[in-house]
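# Structure at a glance
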Amino acid sequence: MFVVTAFSLVLSAGPAFAQADGTQQPPAKPPVTPPAAAAPAPQAQPPKPFPEGAKFAFVDIQVVASTSAEGKAATAKLDDLKKKKNAEIVAKGNALKASQDKLQSGGSVMSDSARATLEREIEKMQRDIQLAQQDAQTEVNDLTEQLQGEFQIKLNPIIEQVRLEKGL
């Protein structure tokens, strides 16, 4: 153990002694760049949307939907519906939690019939929450399909017009 400690001290002190020695090389100087290399490069031209002789074009519907006013409005409608449904489910969850807390804290002092009634109410609340979640998901899916369909109906004539103009 003593030998290992002494050896590690010698190894760690070695670089310190080597630096104290006058044979150390000076740090390398960075290369000097000629003035021509320092000139800014010309900016590349953006790609042309329809190169000469193009026969096919691709439309990224997701980009169109996320950047257009119509797409943003549809996204806002979906977000509003999701927030509304989520708030309803959270409210039902809070009522369920309150009933569960009531059963847990006062269940031992309740009459058997009152406890059974509260347990049935809790089970009913749990089923209601599950149904509300399923209904909310269905409603969001239906609205998504409706908005996508309406968006596609508005977008198709524009795509067709560009296709005809460009001979694609």
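Residues numbered from 1 in each chain as written. Predicted model: local features only at pLDDT ≥ 70, side-chain atom pairs only at ≥ 80, totals over all residues. Heavy atoms only, no water.

A word on the overall build of the protein chain. Secondary structure summary: the protein chain contains five helices and zero strands in total. For the protein chain, the succession of helices and strands along the chain, N to C, is α-α-α-α-α. The burial tally for the protein chain puts 14% of its 168 residues in the buried class. Taking as baseline every contact in the protein chain between residues at least 6 positions apart, the subset at least 24 positions apart corresponds to 75%. Roughly 13900 Å² of accessible area belongs to the protein chain as shown, and the carbon and sulfur atoms make up 61% of that amount. (Helix = DSSP H or I, 4+ residues; strand = E, 2+ residues; numbered from the N terminus. Buried < 20%, exposed > 50% of the residue type's maximum accessible area, 1.4 Å probe, protein only. Contact = heavy atoms within 4.5 Å. Areas by Shrake-Rupley, 256 points an atom, 1.4 Å probe, with all protein chains shown as cover.)

In this structure the tally under the stated criterion is seven salt bridges. Residue Asp 112 is joined to Arg 115 by a salt bridge in which the shortest nitrogen-to-oxygen separation is 2.6 Å. Remark: Arg 115 and Asp 112 occur in helix α5 (residues 112-166); sequence separation between them is three residues, near one turn of the helix. Each of Lys 85, Glu 88 and Glu 139 takes part in one network of salt bridges that share partners. (Salt bridge = Lys/Arg side-chain N within 4 Å of Asp/Glu carboxyl O.)

This part takes up the packing of helix α4 (residues 69-106) against α5. Running from amino to carboxyl end, α4 crosses α5 at an angle of 175°, the nearest separation of the two axes being 9 Å. In terms of their interaxial angle, α4 and α5 are classed as roughly antiparallel. Across the contact of α4 with α5, the residue classes break down as 17 nonpolar, seven polar and 11 charged. (Axes fitted to C-alpha atoms, helices over the stretch in contact; angles between N-to-C directions. Parallel < 35°, antiparallel > 145°, perpendicular 65-115°, else oblique. Nonpolar A, V, L, I, M, F, W, Y, C, P; charged D, E, K, R; others polar.)

A few words on the nonpolar core. Taken as a class, soluble globular proteins show a tendency for nonpolar side chains to be buried jointly. In terms of nonpolar packing, the biggest core is built from nine residues, these being Ile 89, Leu 96, Leu 103, Met 110, Leu 118, Ile 122, Ile 129, Ala 132 and Ala 136. Of the residues forming this core, the biggest block, five residues, is contributed by α5. Counting six residues, the second largest nonpolar core, distinct from the first, contains Leu 78, Leu 81, Val 140 and Leu 143. (Core = buried A, V, L, I, M, F, W, Y, C linked by side-chain atoms within 4.5 Å.)

End to end, α4 covers 55 Å across 38 residues, agreeing with the expected 56 Å (1.5 Å per residue, within 8%). Among the structural elements, α3 (61-67) and α5 are those in contact with the buried residues of α4. (Expected span 1.5 Å × (residues − 1).)

Before going further, it helps to spend a moment on α5. A rise of 1.5 Å per residue sets the reference length of α5, with its 55 residues, at 81 Å; its end C-alpha atoms lie 79 Å apart and thus fit the reference within 8%. In the structure, α5 departs most strongly from a straight axis at Leu 155, where the bend amounts to approximately 25° and where the proline Pro 157 lies between one and four residues downstream. Within the span of α5, buried status applies to Leu 118, Ile 122, Ile 129, Ala 132, Ala 136, Val 140, Leu 143, Leu 147, Phe 151 and Leu 155. Where α5 is buried, its residues touch α3 and α4. Gly 167 sits one or two residues past α5 and shows a positive phi near 65°. (Bend = angle between axes of the 7 residues up to and from the residue.)

Here Lys 85 lies in helix α4. Not counting chain neighbours up to four residues away, the residues in contact with Lys 85 comprise Ala 136 and Glu 139.

Atomic detail in the predicted coordinates should be set aside for any region of low pLDDT. Across the protein chain, the average pLDDT comes to 79, with 70% of residues at or above 70. Low pLDDT, under 50, characterises residues 1-22; the predicted model gives this stretch one contact beyond four residues in sequence or across chains. (pLDDT = per-residue confidence, 0-100.)

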